[in-house]
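Here's the letter readout for the chains.
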Amino acid sequence: IRDPRATLEDCRRRYGDPFLINALNGPLVVTGREDLIREIHGANPDNYLPFATQTIVPLLGGGSIFALVADEHRRERK
């Protein structure tokens, strides 16, 4: 928590890239590889769900763009 960048760098050295960490709101895949980042951003967004909705919804509400999925998310982004 005090130095997340160093912690993530240590995990990358230890486990390779990408790696999985167990965050407070569930498992999270972390990568810094440009090829994987492009693949993720180029993939069908319906394959992914928002991360940390249990934390986001109480703070920002269920209508927050960070908590929406699929058509609702696309509509609000416009």
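Residues numbered from 1 in each chain as written. Predicted model: local features only at pLDDT ≥ 70, side-chain atom pairs only at ≥ 80, totals over all residues. Heavy atoms only, no water.

J.: Hey, could you run me through the overall build of the protein chain in this one?
T.: On a plain count of helices and strands, the protein chain comes out with four helices and two strands. For the protein chain, the C-alpha radius of gyration of 15 Å lies well beyond 12 Å, the compact-globule estimate for 78 residues. Structurally, the protein chain occupies a C-alpha span of about 40 × 30 × 15 Å along its principal axes. Sorting the 78 residues of the protein chain into buried and exposed places 13% on the buried side. For the protein chain, contacts bridging at least 24 residues in sequence account for 18% of all contacts bridging at least 6. Total accessible area computed for the protein chain in this model is approximately 6700 Å², and 55% of it derives from carbon and sulfur atoms. The distance from the centre of the 11 positive side-chain charges to the centre of the 11 negative ones in the protein chain is 3 Å. (Helix = DSSP H or I, 4+ residues; strand = E, 2+ residues; numbered from the N terminus. Rg over C-alpha atoms; globule rule 2.2 N^0.38 Å. Buried < 20%, exposed > 50% of the residue type's maximum accessible area, 1.4 Å probe, protein only. Contact = heavy atoms within 4.5 Å. Areas by Shrake-Rupley, 256 points an atom, 1.4 Å probe, with all protein chains shown as cover. Lys, Arg positive; Asp, Glu negative; His and termini not counted. Charge placed at Lys NZ, Arg CZ, Asp CG, Glu CD.)

J.: I'm lost on the pattern of salt bridges in this one. Help?
T.: Any two side chains of opposite charge can pair if their charged atoms end up close together. This model, assessed by the stated rule, comprises eight salt bridges. Between glutamate 9 and arginine 12 there is a salt bridge; the shortest N-O distance is 2.3 Å. With a gap of three residues between them, glutamate 9 and arginine 12 both fall in helix H1 (residues 4-15), about one helical turn apart. Across the pair arginine 74 and aspartate 46 runs a salt bridge, and its minimum N-O distance is 3.3 Å. In this pair, arginine 74 sits in helix H4 (residues 70-77) while aspartate 46 sits in the loop between helix H2 (34-42) and helix H3 (53-60), placing the two residues 28 residues apart along the sequence. (Salt bridge = Lys/Arg side-chain N within 4 Å of Asp/Glu carboxyl O.)

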